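One letter stands for each residue in the lines below.
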Amino acid sequence: MARKKSATTEPTTEPATTETKKPPQAFWTTQDESALLDYIIKNSSKIADGGKFREEVWTGAAVAVAPLQTRGGPKTAKSCSNKWGYLFLIYRVVCQIQAVSGWTWSDETGASITEDLVSSWDDFFLAHPKAKPFKHSGWVHLAKFRELIPS
């Protein structure tokens, strides 16, 4: 009977993984957001064609909010621009709430939804899920947006 050769495995050297760790995401406090909006208000004259801010505004905003950082990654020009986009989206949701006939907006109590308005709120919320925090609360940044975007 012939003897079977045992299969030997040669050690393989796999290339070292060069996983690049993503830097931590920026963490935004209400104070950070307010500082960003203050900076944008001061630099609102630097809106480029198309209504968008120039890159220099976002770079300056990142420098302006940097001293406020308490946790998370550094706030970059891109993260400032992204935060502005998100805050603007929230502003538009608040404006939509304010436009609903029969509802009363208050800077303290938001949409001020009472028992008799719950059904219309539920319908609105289905179409605008970002409206959830404003059922009974105002939005701290609304005054700054009114300054930036007068009606």
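See the structure printed just above.
Residues numbered from 1 in each chain as written. Predicted model: local features only at pLDDT ≥ 70, side-chain atom pairs only at ≥ 80, totals over all residues. Heavy atoms only, no water.

(A) Spotlight on the overall build of the protein chain. Across its full length, the protein chain holds five helices and zero strands. Counting from the amino terminus, the protein chain carries its helices and strands in the arrangement α-α-α-α-α. A total of 151 residues make up the protein chain; the buried ones form 31% of that total. Working note: accessible area of the protein chain is about 10800 Å², and carbon and sulfur atoms make up 53% of it. (Helix = DSSP H or I, 4+ residues; strand = E, 2+ residues; numbered from the N terminus. Buried < 20%, exposed > 50% of the residue type's maximum accessible area, 1.4 Å probe, protein only. Areas by Shrake-Rupley, 256 points an atom, 1.4 Å probe, with all protein chains shown as cover.)

(B) Main features of the side chain of serine 79. With respect to the secondary-structure elements, serine 79 resides in helix α3 (residues 77-98). Excluding its chain neighbours within four sequence positions, the residues that come into contact with serine 79 are Ala26, Trp28 and Pro74. (Contact = heavy atoms within 4.5 Å.)

(C) Layout of the pattern of salt bridges. One pass over the structure, following the stated rule, counts five salt bridges. Between aspartate 38 and lysine 144 there is a salt bridge, and its shortest N-O distance comes to 2.5 Å. One end of the pair, aspartate 38, is in helix α1 (residues 30-42); the other, lysine 144, is in helix α5 (residues 142-148), and 106 residues separate them in sequence. Overall, the relative accessible area of 31% leaves aspartate 38 in the partly exposed class. (Salt bridge = Lys/Arg side-chain N within 4 Å of Asp/Glu carboxyl O.)

(D) Seen up close, the packing of aromatic side chains. Tallied over the full model, the rule gives 12 aromatic pairs. Residues phenylalanine 53 and tryptophan 58 carry aromatic rings whose centres are separated by 5.5 Å and whose planes lie at 80 degrees to one another, so their mutual orientation is edge-to-face. On the basis of relative accessible area, phenylalanine 53 is assigned to the buried category, the value being 12%. Take tryptophan 58: its relative accessible area is 6%, and that puts it in the buried class. (Phe/Tyr/Trp six-rings, centres within 6.5 Å; stacked < 30°, edge-to-face > 60°.)

(E) Region of the structure containing the side chain of serine 34. Its location among the elements puts serine 34 in helix α1. Among the residues examined, serine 34 registers a relative accessible area of 17% and is labelled buried. Ignoring any residue separated from it by four or fewer positions in sequence, one finds serine 34 in contact with His141 and Lys144.

(F) Highlighting the packing of helix α2 (residues 55-65) against α3. Relative to each other, α2 and α3 sit at 100 degrees, their axes nearing to 8 Å. It follows that α2 is roughly perpendicular to α3 by the angle criterion. On α3, the residues touching Glu55, Trp58, Thr59, Ala61, Ala62 and Val65 of α2 are Ala77, Cys80, Ser81 and Trp84. Residues of the contact of α2 with α3, tallied by class, amount to seven nonpolar, two polar and one charged. (Axes fitted to C-alpha atoms, helices over the stretch in contact; angles between N-to-C directions. Parallel < 35°, antiparallel > 145°, perpendicular 65-115°, else oblique. Nonpolar A, V, L, I, M, F, W, Y, C, P; charged D, E, K, R; others polar.)

(G) Representation of the packing of α1 against α2 in the model. It is the contact of α1 with α2, at a shortest axis distance of 9 Å, that shows an interaxial angle of 140 degrees. By the angle class used here, α1 and α2 are oblique. Judged by the sense of rotation from one axis to the other, the crossing of α1 with α2 is right-handed. On the side of α1, the interface is formed by Asp32, Ala35, Leu36, Tyr39 and Ile40, while α2 contributes Glu56, Val57, Trp58, Gly60, Ala61, Ala64 and Val65. (Left-handed = near helix turned anticlockwise from the far one by under 90°.)

(H) Region of the structure containing unusual backbone geometry. Of note in the backbone geometry, serine 112 takes a positive phi value of approximately 55 degrees without being a glycine. Mapped onto the elements, serine 112 comes out in the loop between α3 and α4 (118-127).

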